[in-house]
Amino acid sequence: MSGQAILIWVLVGLAAGWLASRIVGGSGLIRYLVAGLLGSVVGGLIVSWFNIPIPIDNEWIRAFLVATGGAIVVILVARVVS
């Protein structure tokens, strides 16, 4: 994975974590980053495992939506656990 791909992944994760925190509530830049990055992975796994079709042609928007959905799951699971 190139350095540019990692940077893009981090930026999408940050934005997704911020949006998820706005949707379900939360605060803190570090929490946004962690929720977004973990959410990117979790969202990707959920979409892959359950073979969920996402009928959006734009890869950036699709990646952002998957990461945001995963970040929401991560935030809600973290709340249940804590």
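Predicted model only: the values in this text are computed from it and were never measured.

1. Some details on the layout of surface pockets
One number sums up the size of the largest pocket: a volume of about 260 Å³. Forming the boundary of the largest pocket are 13 residues, of which Val12, Glu59, Trp60, Arg62 and Ala63 lie nearest the centre. For the lining of the largest pocket, the secondary-structure elements that each account for two or more residues are α1 (3–24), α2 (29–49) and α3 (59–81). At 6 residues, α3 tops the list of elements feeding residues into the lining of the largest pocket. For the lining of the largest pocket, the per-class residue count stands at 9 nonpolar, 2 polar and 2 charged. The computed volume of the second largest pocket comes to approximately 220 Å³. Contributing to the lining of the second largest pocket are Ser21, Gly25, Gly26, Ser27, Arg31, Ala35, Val74, Ile75, Ala78, Arg79 and Ser82.

2. Observations regarding the packing of α2 against α3
Closest axis-to-axis distance for the α2/α3 pair is 6 Å, and the angle between their directions is 110°. Overall, the two elements α2 and α3 adopt an arrangement that is roughly perpendicular. Residue-level inspection shows Ala35, Gly36, Leu38, Gly39, Ser40, Val42, Gly43, Gly44, Ile46 and Val47 of α2 in contact with α3, the latter providing Val66, Ala67, Gly70, Ala71, Val73, Val74 and Ile75. Residue composition of the contact of α2 with α3, by class: 11 nonpolar, 6 polar and no charged.

3. Side note on α2
Here α2 is 21 residues long and its end C-alpha atoms lie 30 Å apart, about the 30 Å a rise of 1.5 Å per residue gives. Residues of α2 that are buried: Tyr32, Ala35, Gly36, Gly39, Ser40 and Gly43. Looking one or two places after α2, you find Asn51, whose phi comes out positive at around 50°.

4. Quick word on the side chain of Ser40
Residue position: Ser40 is located in helix α2. What makes Ser40 buried here is its relative accessible area of 13%. Beyond its immediate chain neighbours, meaning those up to four positions away, Ser40 contacts Trp9, Gly13 and Ala67.

5. Re the confidence of the model for the protein chain
In low-pLDDT segments, the atomic positions of the prediction should not be examined closely. On average, residues of the protein chain score 83 in pLDDT, and 98% of them are at 70 or above. Mean pLDDT per element in the protein chain: α1 is the minimum at 80, and α3 is the maximum at 86.

6. Section: a nonpolar patch on the surface
A surface patch of nonpolar side chains, amounting to about 650 Å² of accessible area, comprises Trp9, Val41, Leu45, Trp49, Phe50 and Ile52. You can see Phe50 is positioned in the loop between α2 and α3. When its relative accessible area of 60% is taken as the criterion, Phe50 is described as exposed.

Quick notes on the rules
Residues numbered from 1 in each chain as written. Predicted model: local features only at pLDDT ≥ 70, side-chain atom pairs only at ≥ 80, totals over all residues. Heavy atoms only, no water. 1 Å grid on protein atoms, 1.4 Å probe; cavity = no way out; pocket = protein on both sides within 12 Å on 5 of 7 lines; lining within 4 Å. Points joined across faces, edges and corners; volume = space filled by probe spheres on them. Helix = DSSP H or I, 4+ residues; strand = E, 2+ residues; numbered from the N terminus. Nonpolar A, V, L, I, M, F, W, Y, C, P; charged D, E, K, R; others polar. Axes fitted to C-alpha atoms, helices over the stretch in contact; angles between N-to-C directions. Parallel < 35°, antiparallel > 145°, perpendicular 65-115°, else oblique. Contact = heavy atoms within 4.5 Å. Expected span 1.5 Å × (residues − 1). Buried < 20%, exposed > 50% of the residue type's maximum accessible area, 1.4 Å probe, protein only. pLDDT = per-residue confidence, 0-100. Patch = residues over 30% accessible without salt bridge, like charges linked within 9 Å, V, L, I, M, F, W, Y side chains within 5 Å. Areas by Shrake-Rupley, 256 points an atom, 1.4 Å probe, with all protein chains shown as cover. Salt bridge = Lys/Arg side-chain N within 4 Å of Asp/Glu carboxyl O.

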